[in-house]
Amino acid sequence: FTLKVGKDVVSIDDVTVADWNEEDIDGGVAEEVILTYEYDATSNNYTVYQGEYLQTAFDEAEQTGTTENPATVKIMRDMEVTGIPNEYGDVEQDLLMDAGVIILDLNGHTLTGKTGHATIDIDNGAKLTIDDSSESKSGKIQNLLNVAVHVRNESTLVVNNGTFEGKCAVSSYDSPTIIINGGTFQATQNAIKAQTGNLTITSGTFEGEALALSLSSTANVSIIRSE
């Protein structure tokens, strides 16, 4: 089609029918693009598509997430968290957060720890909130070999929903703050193990083959019954 463009109208000026000819084109090879993670600076949101890039997204989110403007890390598929080897080739943890303020959006998916360490290790005063924006609220953090989430060194964990499975679903050490507003916590040992620090529970389901709540005398515990 040849289009004739006027001031107020576009019209078909001429129609030509011709045979389809073959032609070699340089390049033109389709390549698969594998999305790893994306960052939206406007919303301070990291969208993660591949598990091996989850630690990278967390490392960057630690730099951009603040109390006034937390960074959100949203996962887009089920992921195995296999950790990053240190300079000696040893994996010391699956997923480490040791700075910043981050919201982890499980988005209905499952994070599975595979190395024998805690699936998520919160350290050095960092603050992590775990939420699930999916309609199903089926997000899960699991670790059959160790702890699902470990909190230590005056860090903060806030859980709004999600399922947590492990030897311990959540454990703490060295004066952290843990606030549980909902979720399901299932463990082959203790569902919640609070050795020190502050633990506040407003809602949730807790099932441990040893204890649902393992509480040390040095932990400050508040269980608030919601009406």
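Structure first, text after, so check above.
Residues numbered from 1 in each chain as written. Predicted model: local features only at pLDDT ≥ 70, side-chain atom pairs only at ≥ 80, totals over all residues. Heavy atoms only, no water.

As defined by bridge partners, strand E9 (residues 110-113) adjoins strand E12 (residues 140-152) across 3 bridges and the pair is classed as parallel. Paired with Leu111 across the two strands is Ile141, which belongs to E12. Bridge count for strand E10 (residues 120-122) against E12 is 3 bridges, and the pairing is parallel. Its bridge partner lying in E12, Ile120 is registered against Val149. The pairing of E12 with strand E14 (residues 163-173) spans 9 bridges and is classified as parallel. Along E14, the bridge assignment pairs Gln142 with Glu165. (Pairing = 2+ DSSP bridges. Helix = DSSP H or I, 4+ residues; strand = E, 2+ residues; numbered from the N terminus.)

A one-sided burial pattern is seen for strand E15 (residues 177-180), the buried positions being Ile178 and Ile180 and the unburied ones Thr177 and Ile179. Of the pairings in the sheet, the one linking strand E13 (residues 156-159) to E15 comprises 4 bridges and is parallel in character. By the bridge assignment for E15, Thr156 is matched with Thr177. Direction of pairing for E15 relative to strand E17 (residues 197-201): parallel, over a ladder of 4 bridges. When the bridges of E17 are listed, Thr177 appears paired with Asn198. (Buried < 20%, exposed > 50% of the residue type's maximum accessible area, 1.4 Å probe, protein only.)

Before going further, it helps to spend a moment on the sheet that holds strand E11 (residues 127-131). Two orientations exist for strands paired in a sheet by backbone hydrogen bonds: parallel and antiparallel. Strand order in the open sheet formed by 9 strands is E3-E4-E5-E8-E11-E13-E15-E17-E20, with mixed pairing between adjacent strands. Strands at the two margins of the open sheet, each flanked by one partner only, are strand E3 (37-40) and strand E20 (219-223). Across the sheet, the mean angle from the axis of one strand to that of its neighbour is 15°, orientation sign disregarded. (Axes fitted to C-alpha atoms, helices over the stretch in contact; angles between N-to-C directions.)

So, on to unusual backbone geometry. With a phi close to 65°, Asp174 is a non-glycine residue in the positive phi region. Among the structural elements, Asp174 can be located in the loop between E14 and E15. A positive phi angle, close to 60°, is found at Ser175, a residue other than glycine. With respect to the secondary-structure elements, Ser175 resides in the loop between E14 and E15. A relative accessible area of 37% means that Ser175 is categorised as partly exposed.

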